[in-house]
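One-letter residues, chain by chain:
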Amino acid sequence: MTDMEFKEKLDKLEHIINEHKNQQGALMPILHETQELFGYLPEEAQQKISEILGISMAEIYGVATFYSRFTLKPRGKHTIGVCLGTACYVKNSQGVIDKVKKELNIEPGDTTDDGLFTLEATRCIGCCGLAPVMTIGEDVYGKIVPEDVPDILKKYQE
Ligand code: FES
């Protein structure tokens, strides 16, 4: 997003905050709309919310980090999830996630510089029969070994 687009979104957010500000429990719906608008909760947006609602940045941060639906960093185009649940873990999902980290040079929670991938370590996603499982967006890859990772990633890099 360009600086201009970012600024327009901030203006829009100001409008949203003002619409909600007299409601009780306004913070949650505002954070939700902020997440929708930007795809994450930028610091500038948190500041605006803090100023208009008169609540501290620490409080906003606390709520934002408590709920997994909120993210504080921009997300990549594709989210890679590697399951570290028990069934996957015993089938070497740690090896899989280590390979993704190495290939993309990022840690879980981070996004690649080109904005293509965000990596997440997840809990059981209910596909234990396919352990170890890696997901990319809606796509599920099961029974994989670390050596499969580069070819799978390539599909999304083209
Ligand atoms: S433990 Fe990985 S899908 Fe269940």
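Here the residue index of a chain counts from 1 through its sequence in written order. Reporting of local features is limited, given that this is a predicted model, to residues whose pLDDT is at least 70; pairs of side-chain atoms are given and counted only at 80 or more, and all residues count toward the totals for whole chains, interfaces and linings.

1. What about the overall build of the chain?
Our working rule: Only DSSP runs of H or I reaching four residues or more are called helices, and only runs of E reaching two or more are called strands; each is numbered from the N terminus. Around each residue's C-beta, the other C-beta atoms within 10 Å are counted; 20 or more make the residue buried, 12 or fewer make it exposed, and counts in between make it partly exposed. All C-beta atoms are placed from the backbone.
The secondary structure content of the chain amounts to 7 helices and 4 strands. Overall, the C-alpha framework of the chain stretches about 50 × 30 × 20 Å when taken along its three principal axes. For the chain, with 158 residues in total, the buried portion stands at 23%.

2. Comments concerning the sheet that holds strand 2 (residues 117-122)
Definition in use: Strand pairing follows a simple DSSP-based rule, namely that at least 2 bridges must link the two strands. For helices, the axis comes from a line fit to the C-alpha atoms of the stretch in contact; other axes are also lines fit to C-alpha atoms, and the angle between any two N-to-C directions lies between 0 and 180 degrees. We call two residues in contact whenever the C-beta atoms placed from their backbones are within 7 Å.
Taken in spatial order, the 4 strands line up as 2-1-3-4 in an open sheet, and their pairing is mixed. Strands at the two margins of the open sheet, each flanked by one partner only, are strand 2 and strand 4 (139-141). On average, each strand axis in the sheet is tilted by 20° relative to the strand beside it, whichever way the strands run. Sheet analysis places strand 3 (residues 134-136) next to strand 4, joined by 3 bridges and oriented antiparallel. Bridge pairing in strand 4 links Met134 to Tyr141. Along the sheet, helix 6 (residues 93-104) contacts strand 1 (78-83), strand 2 and strand 3; its crossing angle with strand 1, the most-contacted strand, is approximately 150°.

3. Examining the packing of helix 6 against helix 7 (residues 149-157)
Rules: Geometric relationships in this document are graded by angle, where less than 35 degrees denotes roughly parallel, more than 145 denotes roughly antiparallel, 65 to 115 denotes roughly perpendicular, and other angles denote oblique. Here a crossing is called left-handed whenever its near helix is offset anticlockwise from the far helix by less than a right angle, and right-handed whenever the offset is clockwise.
For the pair helix 6 and helix 7, the least separation of the axes is 10 Å and the interaxial angle reads 55°. Here helix 6 is positioned oblique relative to helix 7, judged by the angle of their axes. Relative to helix 7, helix 6 is oriented so that their crossing is right-handed. The residues of helix 7 that touch helix 6, namely those facing Val96, Lys99, Val100 and Glu103, are Val149, Pro150 and Leu153.

4. Remarks on the domain arrangement of the chain
Stated precisely, the cut-off is as follows: Domain extents, as shown, originate in an automatic or database domain assignment.
What the domain assignment reports for the chain is domain 1 (3-66) and domain 2 (78-157). Between domain 1 and domain 2, the C-alpha centre-to-centre distance is 31 Å.

5. Some points on unusual backbone geometry
For the bond running from Ala131 to Pro132, omega is -5°, close enough to zero to count as cis. Looking at the secondary structure, you find Pro132 in the loop between strand 2 and strand 3. Of note in the backbone geometry, Asn92 takes a positive phi value of approximately 70° without being a glycine. Here Asn92 lies in the loop between helix 5 (86-89) and helix 6.

6. Regarding the packing of helix 1 (residues 3-20) against helix 3 (residues 43-53)
Remark: helix 1 packs on helix 3, axes separated minimally by 10 Å, with the N-to-C direction vectors making an angle of 30°. Comparing the axis directions of helix 1 and helix 3 gives the class roughly parallel. Between helix 1 and helix 3 lies a crossing of right-handed hand. In contact with Leu10, Leu13, Glu14, Ile17 and Asn18 of helix 1, helix 3 contributes Glu44, Ala45, Lys48, Ile49, Ile52 and Leu53.

7. Quick word on the nonpolar core
In globular proteins that are soluble, nonpolar side chains generally tend to be buried together. The criterion, for reference: Nonpolar core, as used here: buried Ala, Val, Leu, Ile, Met, Phe, Trp, Tyr and Cys residues forming one set through C-beta atoms within 7 Å.
Ile80, Val82, Val96, Val100, Leu119, Val133 and Met134 are the most contacted members of the largest nonpolar core, which has 15 residues in total. Sorting the residues of this core by element identifies strand 1, helix 6 and strand 2 as the ones contributing at least two each. Aside from chain neighbours lying at most four places away, what touches Val96 is Val82, Pro132, Met134, Ile144, Pro146 and Val149. Judged by nonpolar contacts, the second largest core, of 10 residues, contains Leu13, Ile17, Ile30 and Leu41.

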